[in-house]
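Here are the chains, one letter per residue:
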Amino acid sequence: MKDPDLYFMQEALKEAKKAYESEEVPVGAVLVHGGQIIARGHNQVELLQDATAHAEVLCITAAASAIGNWRLADMTLYCTLEPCCMCAGALLASRVKRLVWAAPDVRLGANGSWIDVFAAKHPMHTLEIRSGVCAEEAADLMRRFFQERRKKDACPVG
């Protein structure tokens, strides 16, 4: 594999497209260990009526369940959107080793677009971060989603 980050981000984009098709904000995530995807997740906020049902949190929960351990050391989370503060905290708490994200989130992004949670040195954990992988594709999916949403909201039903 030439660039595993590109490959796994494409997998996260597949999850984002599932969210899009379910009329959820199109964010997807995959968690990788040893070159294998061990968990997947996509936004399910509307389905579950739960503001915490972000792709990253659902993916982290699924991974912990799959391996029987909340410590996700030596794992990489790929996400199509810059994590929010809640998801950034979940990444640190679960001890994910590496984060790769695609598009910035100027509204809630916690890696510098709005605030940078990761700028302060954590007392027990270091998270490696790479951003901008497949950024344009992820941002385009997000733009299309909100354009369609605005059209639906502007058109009266019936």
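As a reminder, the structure under discussion sits directly above these lines.
This one's a predicted model, so the numbers in the text were calculated from it and none came from an experiment.

Draft legend 1. Examining the packing of helix H3 (residues 55-67) against helix H4 (residues 85-93) more closely. Packing of H3 against H4 leaves a shortest axis separation of 9 Å and a crossing angle of 25 degrees. Accordingly, the angle class assigned to the pair H3 and H4 is roughly parallel. Here the hand of the crossing between H3 and H4 comes out left-handed. Taking contact as the criterion, the partners of Glu 56, Val 57 and Ile 60 in H3 are, on H4, Met 86, Cys 87, Ala 90 and Leu 91.

Draft legend 2. Summary view of the sheet that holds strand E4 (residues 98-103). One open sheet accounts for five strands, arranged E2-E1-E3-E4-E5; its pairing is mixed. With one partner strand each, in any of the chains shown, strand E2 (36-42) and strand E5 (128-131) form the two edges of the open sheet. Across the sheet, the mean angle separating the axes of adjacent strands is 15 degrees when strand polarity is ignored. In terms of strand pairing, strand E1 (residues 28-33) meets E2 through six bridges, oriented antiparallel. The residue of E2 that forms the bridge with Val 32 is Ile 37.

Draft legend 3. Up close: the side chain of Glu 56. Looking at the element boundaries, Glu 56 is found in helix H3. The charged side chain of Glu 56 is buried without a salt bridge, its nearest counter-charge being Arg 107 at 11 Å. Aside from chain neighbours lying at most four places away, what touches Glu 56 is Val 27, Ala 29, Leu 77, Cys 79, Leu 81, Pro 83, Cys 84 and Cys 87.

Draft legend 4. Quick look at the packing of helix H1 (residues 4-21) against helix H5 (residues 135-154). H5 packs onto H1 with a crossing angle of 5 degrees between their chain directions and a minimal axis gap of 11 Å. One finds that H1 runs roughly parallel with respect to H5. Mapping the contact onto sequence places Gln 10, Leu 13, Ala 16, Lys 17 and Tyr 20 in H1 and Glu 137, Ala 138, Leu 141, Arg 144, Phe 145 and Glu 148 in H5.

Draft legend 5. Structural context of the nonpolar core. Met 9, Leu 31, Leu 77, Tyr 78 and Leu 91 are the most contacted members of the largest nonpolar core, which totals 37 residues. Elements supplying a minimum of two residues to this core: H1, E1, H3, strand E3 (76-81), H4, E4 and H5. Considering each element in turn, this core owes the most residues, five residues, to E4.

Draft legend 6. Summary view of the pairing of E4. Within E4, six of the six residues are buried, which leaves the element mostly enclosed by the surrounding structure. Looking at chain direction, E3 and E4 are connected through five bridges and run parallel. If you follow Tyr 78 over to E4, its bridge partner there is Val 100. Once the chain exits E3 it traverses H4 before rejoining the sheet at E4, and the crossover so formed is right-handed. Where E4 lies against E5, four bridges are found, and the strand directions are parallel. Bridged to Arg 98 within E5 is Glu 128.

Draft legend 7. Focus on unusual backbone geometry. Positive phi, close to 50 degrees, is recorded for Gln 49, a residue that is not glycine. Topologically, Gln 49 is positioned in the loop between helix H2 (45-48) and H3. Given a relative accessible area of 65%, Gln 49 falls into the exposed group. Despite not being glycine, Asp 74 shows a phi value in the positive range, around 60 degrees. The residue Asp 74 is located in the loop between H3 and E3 in this model. A relative accessible area of 53% means that Asp 74 is categorised as exposed.

Procedures and definitions
Positions within a chain are numbered from 1, following the residues in the order the chain's sequence is written. The predicted nature of this model means local features are confined to residues of pLDDT at least 70 and side-chain atom pairs, given and counted, to a pLDDT of 80 or more, with totals for whole chains, interfaces and linings taken over all residues. With hydrogens and water stripped out, all remaining heavy atoms of the structure feed into the side-chain values. All axes are obtained by fitting lines to C-alpha atoms, using only the stretch in contact for helices, and the reported angles, taken between N-to-C directions, cover 0 to 180 degrees. The numbering of helices and of strands both runs from the N terminus, where a helix is a DSSP run of H or I of at least 4 residues and a strand a run of E of at least 2. By the definition adopted for this analysis, an angle is roughly parallel if under 35 degrees, roughly antiparallel if over 145, roughly perpendicular if from 65 to 115, and oblique otherwise. Crossing handedness: left-handed means the near helix sits turned counterclockwise from the far one by under a right angle, and right-handed means the same turn made clockwise. Every residue pair with non-hydrogen atoms within 4.5 Å of one another is taken to be in contact. Pairing between strands is defined by DSSP: at least two bridges between them are needed. Using a 1.4 Å probe on the protein chains alone, a residue whose accessible area is under 20% of its type maximum counts as buried, one over 50% counts as exposed, and one in between counts as partly exposed. Note on charges: Lys and Arg go in the positive column, Asp and Glu in the negative column, and His and the chain ends are not counted at all. Definition used for salt bridges: Asp or Glu carboxyl oxygen within 4 Å of a side-chain nitrogen of Lys or Arg. In these notes, a set of buried Ala, Val, Leu, Ile, Met, Phe, Trp, Tyr and Cys residues joined through side-chain atoms within 4.5 Å is what counts as a nonpolar core. Crossovers are marked right-handed if the path from the first strand over the helix to the second runs clockwise, as seen with the strands pointing away from the viewer.

Geometric descriptors of this kind do not, in isolation, establish any biological role.
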